[in-house]
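Residues per chain, in single letters:
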Amino acid sequence: MARTKSLFLTVFFITLISVGAFSISWSKSVPDEPGIFDPGQLKPTENSPALKVGDQAPDFTLPAISGGTVSLSQYRGKKNVVLSFVPAAWTPVCSQQWPGYNIAKDIFDKNDTILLGISVDNIPTLYAWTQEMGTLWFPVLSDFWPHGDVAKKYGILRSNGVSERALFLIDKKGVIRYIDVHDINKMPRLEELAQQLEKLNNLDINK
Amino acid sequence: MQKRNLYFALAVILMFFTPVQVESSQELTVNADTLKNLKFDAPENLVDKKYLGLPDGRNFHLGQVRSNYLIIELFSMYCPVCQRGAGTVNQVYDLIQNTQAIRDNFKVVGIGVGNTPYEVSVFKKKFEVGFPLIADDNFIVQKALSSDIRTPTFVVAKLSGKNQLEIVLTRVGEIKDAGEFIRTLENTLGSH
């Protein structure tokens, strides 16, 4: 009986030490913002784009977090479109990329371009995550089901079910004008995208 | 029986110690010697350059700023908390500019951590920031910090000429009350 008690206490004690050690090591890997999961350094890119500049952009219809659906084709003849695929909600870089675009609305507006944010997360997750970003001016779309179907069409679905961090600029005829399948660990530079928007808008103006 | 008491005592001690260790791992210290030697691109805007009292040249050290104290905001254009708090930081700057005793002693500069000059200019324009913002696209300011940068972070340094710099205050996280922050600055002024 005494041995059983001693064994129980030893197990209890070891468990406490383990929990303590876990708490300490987890706290060291907490990223910049509370609530953000740090997946560590990932392979920069896994896919070479299946599409190239000059190709027709595959059409799609996806549910938006604001309700209803959004189709790429609804902007045909009206607006240039930037598709911003981010790998996953509640992860570093992704959690800042769209807030960055959110304060750059005038850059999109002056170049007659709409931004569509796309992630493979489901609507409730995207809703909760984007609430932390303030009020976004652009539609956020869920490519959750069939899982990553649009990312797959664009050739950027990773083997673990998340998408690459990728930007596609599509003109008013639905033709892809710029592709950036970016290092998943890094933020695409805003000026590079702004330059591409301006370049395309200048072509439109001079037509 | 004695052994069991010992186990319980150790267990209770561990339960109290664990959160303390977690908390302490998130503390921030700033190495003044490293910070003062970091070289940044000088602001191109002449008004900003004049405000900081910088000599001619493309680069500068923070210790070259002509002021008794320098408030450094580490921010990112991409950080939603920095965006949300930009108005309050502007209020802090305005209060400083409108209070002579503080204005004569404190200057403010923002460092856009991981941001390019273009990205910093987007933030400055969007939030009508009155004080200079400089870019740190290579994260060099990280070299002076003991832990990963969490934006926004505020560092107040005492400058004593000849590129000498002493850290007098660090604050990680958003400023929620500009007046309270100003009172903290006034206390800092009183105690140094």
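Shown above is the structure to which this text applies.
Sequence order sets the numbering: in each chain, residues are counted from 1 along the sequence as written. Working convention: letters from A go to chains and numbers from 1 go to ligands, in the order in which they are written. Since the coordinates come from a predicted model, pLDDT governs what is reported: local features require at least 70, and pairs of side-chain atoms require 80 or more to be given and counted, while whole-chain, interface and lining totals use all residues. Water and hydrogen atoms were dropped before computing side-chain values, which therefore reflect all heavy atoms in the structure.

Q: Got a minute to help me understand the overall build of chain A in this structure?
A: Labels follow the DSSP assignment, with helices taken as runs of H or I lasting at least four residues and strands as runs of E lasting at least two, numbered in each case from the N terminus. In terms of helices and strands, chain A carries six helices and seven strands. Throughout this description, buried means an accessible area under 20% of the type-specific maximum (1.4 Å probe, protein chains only), exposed means over 50%, and partly exposed covers the range between. Out of the 207 residues in chain A, the part that is buried amounts to 50%. Only heavy atoms matter for contacts: two residues are in contact if any of them lie within 4.5 Å across the pair. Residue pairs at least 24 apart in sequence account for 70% of intrachain contacts in chain A once pairs closer than 6 positions are excluded. Areas reported as accessible are Shrake-Rupley estimates using a 1.4 Å probe. Residue values count occlusion only from the protein chains shown. In the form shown here, chain A has an accessible surface area of approximately 10200 Å², with 59% of it arising from carbon and sulfur atoms.

Q: How should the environment of E27 of chain B be read in this particular structure?
A: When you line up the elements, E27 of chain B lands in the loop between α1 (2–24) and α2 (32–37). The contacts of E27 of chain B, once residues within four sequence positions are left out, are S146 and S147 of chain B.

Q: I would appreciate a short explanation of the layout of surface pockets in the present structure.
A: Where empty space is left in the structure can be found by rolling a water-sized probe over the atoms. All names here are of chain B. The distinction between a cavity and a pocket rests on a 1 Å grid over the protein atoms alone: a 1.4 Å probe fits inside a cavity but cannot get out, while a pocket stays open yet meets protein on both sides within 12 Å along at least five of seven lines, and a residue with an atom within 4 Å of a point counts as lining. Grid points are joined across faces, edges and corners, and a volume is the space filled by probe spheres set on the points. The space that makes up the second largest pocket amounts to roughly 570 Å³. Around the second largest pocket, the lining comprises 23 residues; the ones closest to its centre are D41, A42, P43, E44 and P117. Sorting the residues of the lining of the second largest pocket by element identifies β1 (39–41), α3 (46–52), α6 (117–126) and β5 (133–136) as the ones contributing at least two each. Here the residues of the lining of the second largest pocket are counted per class, giving nine nonpolar, five polar and nine charged. Only Asp, Glu, Lys and Arg are considered charged, only Ala, Val, Leu, Ile, Met, Phe, Trp, Tyr, Cys and Pro nonpolar, and every remaining residue, Gly among them, polar.

Q: Is there a simple way to explain the packing of aromatic side chains in this structure?
A: We describe a pair of aromatic rings using the distance from one ring centre to the other and the angle between the two ring planes. Pairing of aromatic side chains requires ring centres within 6.5 Å, counting the rings of Phe and Tyr and the six-membered ring of Trp. Pairs whose planes differ by under 30 degrees are stacked, by over 60 edge-to-face, and all others tilted. One pass over the full model with this rule turns up 17 aromatic pairs over all chains. Centre to centre, the rings of W137 of chain A and F138 of chain A are 5.3 Å apart; their planes meet at 80°, and the pair counts as edge-to-face. Judged by its relative accessible area of 4%, F138 of chain A falls in the buried class. Three or more aromatic residues joined by ring pairs form one cluster here, namely W98, Y101, F108, W129, W137 and F138 of chain A. Working rule: Lys NZ or Arg CZ, within 6 Å of ring centre, within 35 degrees of ring normal, means a charge sits over the ring. Across the ring face of Y51 of chain B, the terminal group of K107 of chain B is positioned such that the distance to the ring centre comes to 5.4 Å.

Q: Before we go on, may I ask you to explain α6 of chain B in this structure?
A: Each α-helix turn comprises 3.6 residues. Residues three or four places apart therefore point the same way. Listed in full, the buried residues belonging to α6 of chain B are E119, V120, V122, F123 and K124 of chain B. Downstream of α6 of chain B by one or two residues, E128 of chain B has phi in the positive range, about 45°.

Q: Explain the environment of Q97 of chain B here, please?
A: Relative to the elements of secondary structure, Q97 of chain B occurs in helix α4 (residues 80–98). Separated by 10 residues in the primary sequence, Q97 of chain B and K107 of chain B have C-alpha atoms spaced 9.0 Å apart.

Q: Just to check I follow, could you spell out α4 of chain B for this structure?
A: Residue and element names in this part refer to chain B. Under the 1.5 Å per step criterion, the end-to-end length of α4 is 28 Å for 19 residues, consistent within 8% with the ideal 27 Å. Here the bend at a residue is taken as the angle between two axes, fitted respectively to the seven residues that end there and the seven that start there. The sharpest bend along α4 comes to roughly 50°, located at A86. Every buried residue of α4 is accounted for by P80, C82, Q83, G85, A86, T88, V89, N90, V92, Y93 and I96. Expected span of a helix, by definition, is 1.5 Å for each gap between consecutive residues, and there is one gap fewer than residues.

Q: Sorry if this is basic, but what is going on with the sheet that holds strand β3 (residues 69–75) of chain B here?
A: Consider a sheet: its strands pair through backbone hydrogen bonds, and that pairing is either parallel or antiparallel. All names here are of chain B. The criterion for strand pairing is that DSSP finds at least two bridges linking the strands in question. Read from one edge to the other, the open sheet built from five strands follows the order β5-β4-β3-β6-β7, with strand pairing classed as mixed. What marks the edges here is a single partner per strand, and that holds for β5 and β7 (165–172). Across the sheet, the mean angle from the axis of one strand to that of its neighbour is 25°, orientation sign disregarded. Where strand β6 (residues 153–159) meets β7, seven bridges bridge the pair, whose relative direction is antiparallel. Among the inter-strand pairings, F154 is bridged to a residue of β7, identified as R171. Together, β3, β4 (106–113) and β5 form the strand contacts of α6, whose direction differs from that of β5 by roughly 150°. Between N-to-C directions, angles cover 0 to 180 degrees, with each direction set by a line fitted to C-alpha atoms, over the stretch in contact for helices.

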